[in-house]
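Observations on the model geometry
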Amino acid sequence: MDLSFGVSYYPELVNPTEWSRDLKSMRKTGLSVIRMLDFAWTAIEPREGCFEFDWLDRFLGLAGENAISVILCTPTATAPAWLERQYPEVMAMKPDGDRHLWGTRRKVCTNSRVYRHYSEALAARLGERYGNHPQVIGWQVDNELIGPEGVLPECHCPECVFLFRQWVKKRHAPIE
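This section reports on the structure supplied with the text.

Some details on the pairing of strand 2 (residues 33–36)
- The pairing of strand 1 (residues 6–8) with strand 2 spans 3 bridges and is classified as parallel. Of the residues in strand 2, the one forming a bridge with Gly6 is Val33.
- At this point the chain moves from strand 1, through helix 1 (residues 19–28), to the parallel strand 2, and the crossover so formed is right-handed.
- Where strand 2 and strand 3 (residues 69–73) come together, 4 bridges link them in parallel fashion. Looking at strand 3, one finds that Val33 is bridged to Ser69.

This is the structure:
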């Protein structure tokens, strides 16, 4: 059995002039797989409906030249700033009724219909474009269903409160 070794890499945060050097170094040290994109939503869709894949195409080409396979993540752990500005209801609500502010991961309401709509659209676009790409050997569906430092995500927005009450009624019916 062959054993592959890999690493997480964030090309959207690295100067593109350094990609080739980094990939060569990875290969030289025995790495053969990269897991990437988990926080790259803004780099892929910097504005609503405006998808930019050229940088990712270039990076995957360089990965191929260096015989490095790629696992692409659905980059939904951190929503882009435009999503929060245009649709503030996507941000999770604290118990006091204030919304979390944009800027950290896992601060969205995963029950938000708007968040789900845009997440699904992004994942579909990635799948259509890279589903048969020769460097892509797998997909990681968002793995961070808990927040930073292992804290369970909590949202007290009207949608979550409604869904929780529905769950309680179903689980513990009759309520009396």
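What about the packing of aromatic side chains?
- The full count for this structure, using the stated rule, is 9 aromatic pairs.
- Here the aromatic rings of Tyr10 and Phe39 are separated by 6.2 Å at their centres, their planes lie at 25°, and the arrangement is stacked. With Tyr10 in the loop between strand 1 and helix 1 and Phe39 in the loop between strand 2 and helix 2 (41–44), the pair connects residues that are 29 residues apart, well separated along the chain.
- The exposure class assigned to Phe39 is partly exposed, which follows from its relative accessible area of 26%.
- Ring centres of Trp82 and Tyr118 lie 5.5 Å apart, and the angle between their planes is 80°; this geometry places the pair in the edge-to-face category. A residue pair is termed long-range when its members are at least 10 positions apart, and Trp82 in helix 4 (residues 81–86) and Tyr118 in helix 5 (residues 113–130) qualify at 36 residues. Comparing Trp82 with Tyr118, the two get one shared label, buried.
- Here the aromatic residues Tyr9, Trp19 and Phe59 are joined through ring pairs into a cluster of three or more.

What to know about the environment of Glu48
- As for its placement among the helices and strands, Glu48 is situated in the loop between helix 2 and helix 3 (54–65).
- Every residue in contact with Glu48, bar those within four places of it in the chain, is listed here: Trp82, Gln86, Tyr87 and Tyr118.
- A polar side-chain atom of Glu48 sits 3.2 Å from a polar atom in the side chain of Tyr87.

Calculation notes
- Residues numbered from 1 in each chain as written.
- Predicted model: local features only at pLDDT ≥ 70, side-chain atom pairs only at ≥ 80, totals over all residues.
- Heavy atoms only, no water.
- Pairing = 2+ DSSP bridges.
- Helix = DSSP H or I, 4+ residues; strand = E, 2+ residues; numbered from the N terminus.
- Right-handed = clockwise from strand over helix to strand, strands pointing away.
- Phe/Tyr/Trp six-rings, centres within 6.5 Å; stacked < 30°, edge-to-face > 60°.
- Buried < 20%, exposed > 50% of the residue type's maximum accessible area, 1.4 Å probe, protein only.
- Contact = heavy atoms within 4.5 Å.
- Polar contact = N/O pair within 3.5 Å; in protein donor to acceptor, adjacent residues only side chain to side chain.

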